[in-house]
Amino acid sequence: MKVRSSVFASFILIFEVIGIALFLRGFFPVPVKSSFSSKSKLSDLPAEPLTGSAPNSSRLPQPLFKRVVIMLVDALREDFVFGPNGRMYMPYTRHVVERGSSHSFVAKARPPTVTMPRIKALTTGSIPGFIDVVMNLNSPALLEDNLIWQAKTAGKRIVFYGDDTWVRLFPKHFMEYDGTTSFFVSDYTEVDNNVTRHLDSTLKRDDWDILILHYLGLDHIGHMSGPYSSLIQPKLMEMDDILKKIHSALISKEVEGSLPYLLVLCGDHGMSETGSHGGSSEPEVSTPLVLISPAFKRKAGMEKPGVVEQVDLTPTLALGLGLPISQNSVGRVIQSVLEETSLRDQLRFLHLNGHQLSCLLKDSISDYEKEVGFEQFRVAEKAHGNWMKLYLEGNTSEVLTNVGKKVLRQYLEALAAMSAALSKQLGKYDMYSMIAGMVFVFQLLLVLLLAMPEALSSAAAVDLPILSALLSLPFYLLCLLLASVHVLVCTSAGSSCYFCSLSWGLVFAAVAFSSAMFCILVSIATRRLPLGAKIHGKSPLRSSEVDWSLSELDVLLLAGTVGHTLSLAASSFVEEEHQTWYFLLNTLCLTVFQDVCRKYFREKRGSGDDEEHILPSKDRHPSAHPKAEIFSEKWLALATPPFTLLCCRLLRSLNQTGVQWAHIPDVGHWLNSSEHKVVLSLLSAFCLVLIYFLVQRRCSWVSKVALALGLLGVYSYRAAVGNVLFPWHHSGRTMSKGTVEARFVYVFILGILFSGTKDLLRSQIITADAKLKSRGLWEIYSGLVLLVSLLFRAHNLPVLCCCLLIQTLMAQFIWKKLHYDAAQTTIMHYWFGQAFFYFQGNSNNIATVDISVGFVGLESYIEAPAIFLTALSTYAGPLLWACHLVCYLSSERDRFHIILRCRHLVQEGHSF
């Protein structure tokens, strides 16, 4: 059955998306949530345990604190407070930690370490999933049970200033608020001043119970210049002064005999070594948690801070304010906060926390009774009842105290075990759905690879043996086998499985599709491979349909692509995926070098000149060139693979990526240091000049002028923001945002894109001019290169420069001269694009996404252009190679048709 290439590509794309969606549905676990739709209420709290016939008391302990101030500093790393530089960065905070009435902890945040999921964790006590990273861009109202809702319901008056994510999550919850956007990372001054300007008046008032302050400046500095920037210390000292002001105001308002205040200093997440966040590295997940209150004992010296989970703050604040714990909280109360209360109150607090966790455990795990933590809680609850009986009988012996302390330890062990079991539940994957999705994706990928030579041939059609596959015996046997496996898995699965919850109609369609794809795959493979061609009675080298014999390069491209796909089943290979692409790219260069040597040294000249190729070269006849030109061409072709290897090795040293070695200093760190700004300036200028000469060759003179001025504007922008130096640059000059310079470049980008689009439309609508079409495509590509050069950081310009240089050399001396077909060229472009994604410093860790580029040329946060620029900068490598592939294939195909027409005219002339 003949299918057009466009229809075939659409079919593959649609079902690849379905397969990936099924895999992701199994990969991202469903969050642990209570089955109760309503929120916790004080009336729902359990009675105090008591053994015997006497009625149980529903007594609740008194709240521990009257007022709570939460000062959340975005991206505050624990070493900024507790590290060696803590006394220099935040002297007053460090003094309170060492000598004041405080408790200090390192609070571990769970990935994804992004602001909105962290706010949800702090207020609900639950552990958000990675889907919340997407929701972080436009946070909807939080509907599940949370601390803010509980406080508002209890009549607490809440005031908020800072990140407007809180306002979107909790609309109509705050008595007074002033939100500031968190996405405009170029601003690190006004965004904090807008919070601080409310402090003096608010701290003098008595009409609030909870004050929440969310400062964003530190996070913005990290995104712009990293954790070792000269801007970090002034910002931390500013935060320290604000903490001192709040603490002093709270002390002055303290009234003897009333409940004490609580001042909380914390961070939502940390900051990676590059200044970003989102991943699971130690600097990203370790945040300081400092609790300051006169209810705590005064410290005698610096103590090593304990380690708690960030979600532990939620039940601690809830019980401290006399509120119910959120239903979905997996946190456990911080026991040191309760130390100064009576033993009865401590046991009661732990019992309330244990009861909430046990209820959540029942809703989340089917065999909850087998959990160690649940059993420990039941034992502790029973022991608590016995202790209460003795306590109410008036027993005051030391034995009662010792028994109470034993019950306390039992509660703490039970809370730890239940919290760990609930957190572990989030790490369970739906393996069946993941495997089913991977099978779909893998089958479609193999079909695409085997059918690619046909799809990219001049006929632009693929022969798919659909009917023969559906009527074959293996198809029905596979259907029965897969249906049996489905029934077996779904009846024996211990936990819920998404694929098992689908209707039988959808399951049968999926089984039939997978069986049919397998039969089609086998049929195409046997027809394409030399053995299959012999079976069908055709020469393996001269099939009547398409020439398709496997060379060493074909084997490498096929095995490498399939092997990379299989490697994604292991998390270690996903974390260090760049190593896979670096290895494949090096192997590809060596294989290409072998082909070049074979062409120029082993094969006779002229052999194969009469063969037809999908991508022919205009230099097919060596007699058309002088010997000197052929000689230089040969050595340039021989030098291209080693030169590509050298470029790739240098680019690997430019940016360390991945997980295990991302912290190691690299050339990029060396270039970005203030001592080497002159070197970075010279390197940037050289790269921009080289970019111009590599790109301008196929542009019109108007686009050449626009490109030159645009690249000059790129350097001016980098000088304006302080990355590089102008020769007349003064050291005392203040750093600007470079908005004017960036917009100057945008004008020329739009001009080049307009010129290219105009030529492309003219070639398609007005006149069928292949040369005009090719120029239009290359000008659009040039505009994209100019935009990428503006968005790339100065130290990454060599990545763009090497990308263009390798594209030029490979197109001129490898793909044309060695007559590689469209399928081989396409896969090589894909490999280079993936490798250059990692050469940029990217990884599969969200923390490597540079969101500061989303605000180049913007004075305020505008969602659409910010998302577009960030995505474009992140995927610039694959995008540039994909665009180059389109331009190259189009120009080569048009030139091929011109050659065929010329031959046809020459043949007609000879016939006359």
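Just so it is clear, the model here is predicted, and its values are computed rather than measured.

Participant: Is there a simple way to think about the overall build of the protein in this case?
Facilitator: Counting secondary structure elements, the protein contains 36 helices and 10 strands. Across the 912 residues of the protein, 53% fall into the buried class. Expressed as a percentage of contacts within the protein between residues at least 6 apart in sequence, the contacts between residues at least 24 apart total 76%. Accessible surface computed for the protein: about 41800 Å², of which carbon and sulfur atoms make up 63%.

Participant: How should I be thinking about the packing of aromatic side chains in this particular structure?
Facilitator: Aromatic ring pairs are described here by two measures, namely the spacing of the ring centres and the angle between the planes. One pass over the full model with this rule turns up 27 aromatic pairs. Between the aromatic rings of tyrosine 432 and phenylalanine 499, the centroid separation amounts to 5.3 Å while the plane-to-plane angle is 80°, which identifies the pairing as edge-to-face. Of the two residues, tyrosine 432 is situated in helix 18 (residues 431-455) and phenylalanine 499 in helix 21 (residues 498-501); the sequence distance between them amounts to 67 residues. Classification of tyrosine 432 by relative accessible area gives buried; the value is 17%. On the basis of relative accessible area, phenylalanine 499 is assigned to the buried category, the value being 7%. Grouped by ring-pair contacts, the aromatic residues Tyr582, Phe832, Phe836, Phe839 and Trp881 constitute a single cluster. Directly above the ring of tryptophan 208 sits arginine 67, whose terminal nitrogen or CZ lies 3.9 Å from the centroid. Its guanidinium or amino end placed over the ring of tryptophan 778, arginine 698 lies 4.0 Å from that ring's centre, counting from NZ or CZ.

Participant: Please clarify how the pattern of salt bridges should be interpreted in this entry.
Facilitator: Two side chains that carry opposite charge are able to pair once their charged atoms sit near each other. Considering all chains together, one arrives at 23 salt bridges under this definition. The residue arginine 77 makes a salt bridge to aspartate 79 at a minimum N-O spacing of 2.9 Å. Take arginine 77: its relative accessible area is 4%, and that puts it in the buried class. With relative accessibility at 26%, the residue aspartate 79 sits in the partly exposed group. Residues glutamate 552 and arginine 598 are paired through a salt bridge, measuring 3.3 Å at the closest nitrogen-oxygen approach. Placement of the pair is glutamate 552 in helix 24 (residues 552-567) and arginine 598 in helix 26 (residues 577-602), with a sequence separation of 46 residues. Here glutamate 552 falls in the partly exposed class, since its relative accessible area comes to 43%. What you see here is one network of salt bridges that share partners, running through Arg67, Asp206 and Lys253.

Participant: Explain the packing of helix 26 against helix 34 (residues 822-839) here, please?
Facilitator: When two helices pack together, their arrangement is given by the angle between the helix axes and by the axis-to-axis distance. Two elements in contact, helix 26 and helix 34, have axes separated by 9 Å at closest approach and are oriented at 135°. By the angle between their axes, helix 26 is oblique relative to helix 34. Read as a crossing pair, helix 26 and helix 34 show a hand that is left-handed. In contact with Glu577, His578, Trp581, Tyr582, Leu584, Leu585, Leu588 and Val592 of helix 26, helix 34 contributes Met828, Tyr830, Trp831, Phe832, Gln834, Ala835, Tyr838 and Phe839.

Participant: Hey, could you run me through unusual backbone geometry in this one?
Facilitator: With glycine set apart, most residues show a phi of negative sign, and most peptide bonds adopt trans. A positive phi angle, near 65°, is found at alanine 75, a position not held by glycine. One can find alanine 75 in the loop between strand 2 (67-73) and helix 2 (79-82). Taking relative accessible area as the criterion, alanine 75 reaches 1% and is therefore assigned buried. The residue histidine 819 is not glycine, and still its phi comes out positive at about 55°. Mapping histidine 819 onto the fold places it in the loop between helix 33 (797-815) and helix 34.

Participant: I'm lost on the UniProt feature "transmembrane region" (unreviewed entry) in the protein in this one. Help?
Facilitator: Mapped onto this numbering, the UniProt entry gives "transmembrane region" (unreviewed entry) at residues 7-28, 431-452, 464-489, 501-525, 678-695, 707-728, 740-756 and 866-889. Secondary structure across residues 464-489 comprises 85% helix and 0% strand; the distance between its end C-alpha atoms is 32 Å.

Participant: It is not clear to me how empty space enclosed by the protein should be interpreted in this structure. Could you clarify?
Facilitator: Take a probe with the size of a water molecule and roll it over the atoms, and the empty space left behind shows itself. Scanning the entire structure with this criterion turns up 6 cavities of 30 Å³ or more. Of the pockets and cavities examined, the largest cavity occupies roughly 140 Å³. Lining the largest cavity we find 14 residues, and of these Ile70, Leu122, Leu147, Trp166 and Leu317 sit closest to its centre. Looking at the lining of the largest cavity, the elements that each hand over two or more residues are strand 2, helix 5 (115-124), helix 7 (147-153), strand 6 (210-215) and helix 14 (313-320). Looking at the lining of the largest cavity residue by residue, the classes come out as 13 nonpolar, 1 polar and no charged.

Participant: Help me understand the nonpolar core, please; the structure alone is not making it clear to me.
Facilitator: Burial of nonpolar side chains together is a common tendency in soluble globular proteins. Leu588, Ile691, Tyr746, Leu786, Trp815, Phe836 and Phe839 are the most contacted members of the largest nonpolar core, which has 128 residues in total. Here this core gets 15 residues from one element, more than from any other, and that element is helix 33. Residue-level mapping places this core at the junction of two domains, with at least three residues from each of domain 1 (2-28 + 430-528) and domain 4 (570-600 + 629-909). Discounting residues that sit within four places of it in the chain, tryptophan 815 has contacts with Gln807, Met810, Tyr820, Thr825, Met828, His829, Trp881, His884 and Tyr888. One finds Ile119, Phe374, Leu400 and Ala421 within the second-largest nonpolar core, a separate group that totals 69 residues.

Participant: Hey, could you run me through the state of the cysteines in this one?
Facilitator: Working definition of a disulfide: a covalent bond connecting the sulfur atoms of two cysteines. Taken as a whole and judged by the stated rule, the model has 1 disulfide. Here cysteine 490 engages in a disulfide with cysteine 500; their sulfurs sit 2.0 Å apart. Its S-S torsion of about -90° marks the bond between cysteine 490 and cysteine 500 as left-handed, since a negative value means left-handed. You can see cysteine 490 sitting in helix 20 (residues 473-492) and its partner cysteine 500 sitting in helix 21, a full 10 residues away along the chain. Under the relative-accessibility criterion, cysteine 490 is labelled partly exposed at 25%. A disulfide-free cysteine, cysteine 687 has its sulfur positioned 4.5 Å from the sulfur of cysteine 801, the nearest such atom.

Participant: Help me understand helix 1 (residues 5-27), please; the structure alone is not making it clear to me.
Facilitator: A turn of α-helix holds 3.6 residues, and therefore any two residues three or four places apart point the same way. With 23 residues, helix 1 extends 32 Å between its outermost C-alpha atoms, agreeing within 8% with the 33 Å of an ideal straight helix rising 1.5 Å per residue. The complete set of buried residues in helix 1 reads Ser5, Phe8, Ile12, Glu16, Gly19, Leu22 and Gly26. Those residues of helix 1 that are buried lie in contact with strand 1 (2-4), helix 18, strand 10 (461-463) and helix 21.

Participant: What should I look at first to understand a nonpolar patch on the surface in this one?
Facilitator: A surface patch of nonpolar side chains, about 600 Å² in accessible area, is lined by Ile20, Leu24, Phe27, Tyr429, Met431, Ile435 and Val439. Put simply, the parts of the chain that give the nonpolar patch at least two residues each are helix 1 and helix 18. Residue classification places leucine 24 among the partly exposed positions, given a relative accessible area of 36%.

Participant: What is the right way to look at the environment of leucine 651 in this model?
Facilitator: Secondary-structure assignment places leucine 651 in helix 27 (residues 627-654). Accessibility expressed as a relative area gives 3% for leucine 651, which makes it buried. As a C-alpha pair, leucine 651 and asparagine 796 span 145 residues in sequence and 9.2 Å in three-dimensional space. Setting aside residues up to four positions removed in sequence, leucine 651 forms contacts with Pro798, Val799, Cys802, Phe836 and Phe839.

Participant: What should I look at first to understand the sheet that holds strand 9 (residues 306-309) in this one?
Facilitator: Backbone-to-backbone hydrogen bonds join strands into a sheet, with any given pair of strands oriented parallel or antiparallel. The strand order across the open sheet built from 8 strands is 5-4-6-2-7-8-3-9, with neighbouring strands paired in mixed fashion. This sheet does not close on itself; its edge strands, each paired only once, are strand 5 (176-180) and strand 9. On average, adjacent strands in this sheet sit at an angle of 15° to one another, irrespective of strand direction. Of the strand pairs in this sheet, strand 3 (residues 102-108) and strand 8 (residues 286-292) are connected by 7 bridges, and their pairing is antiparallel. Bridged to lysine 108 within strand 8 is serine 286.

Procedures and definitions
Residues numbered from 1 in each chain as written. Predicted model: local features only at pLDDT ≥ 70, side-chain atom pairs only at ≥ 80, totals over all residues. Heavy atoms only, no water. Helix = DSSP H or I, 4+ residues; strand = E, 2+ residues; numbered from the N terminus. Buried < 20%, exposed > 50% of the residue type's maximum accessible area, 1.4 Å probe, protein only. Contact = heavy atoms within 4.5 Å. Areas by Shrake-Rupley, 256 points an atom, 1.4 Å probe, with all protein chains shown as cover. Phe/Tyr/Trp six-rings, centres within 6.5 Å; stacked < 30°, edge-to-face > 60°. Lys NZ or Arg CZ within 6 Å of the ring centre and 35° of its normal. Salt bridge = Lys/Arg side-chain N within 4 Å of Asp/Glu carboxyl O. Axes fitted to C-alpha atoms, helices over the stretch in contact; angles between N-to-C directions. Parallel < 35°, antiparallel > 145°, perpendicular 65-115°, else oblique. Left-handed = near helix turned anticlockwise from the far one by under 90°. UniProt positions renumbered as here; feature names shortened; annotations may be inferred. 1 Å grid on protein atoms, 1.4 Å probe; cavity = no way out; pocket = protein on both sides within 12 Å on 5 of 7 lines; lining within 4 Å. Points joined across faces, edges and corners; volume = space filled by probe spheres on them. Nonpolar A, V, L, I, M, F, W, Y, C, P; charged D, E, K, R; others polar. Core = buried A, V, L, I, M, F, W, Y, C linked by side-chain atoms within 4.5 Å. Domains from an automatic or database assignment. Disulfide = S-S within 2.5 Å. Expected span 1.5 Å × (residues − 1). Patch = residues over 30% accessible without salt bridge, like charges linked within 9 Å, V, L, I, M, F, W, Y side chains within 5 Å. Pairing = 2+ DSSP bridges.

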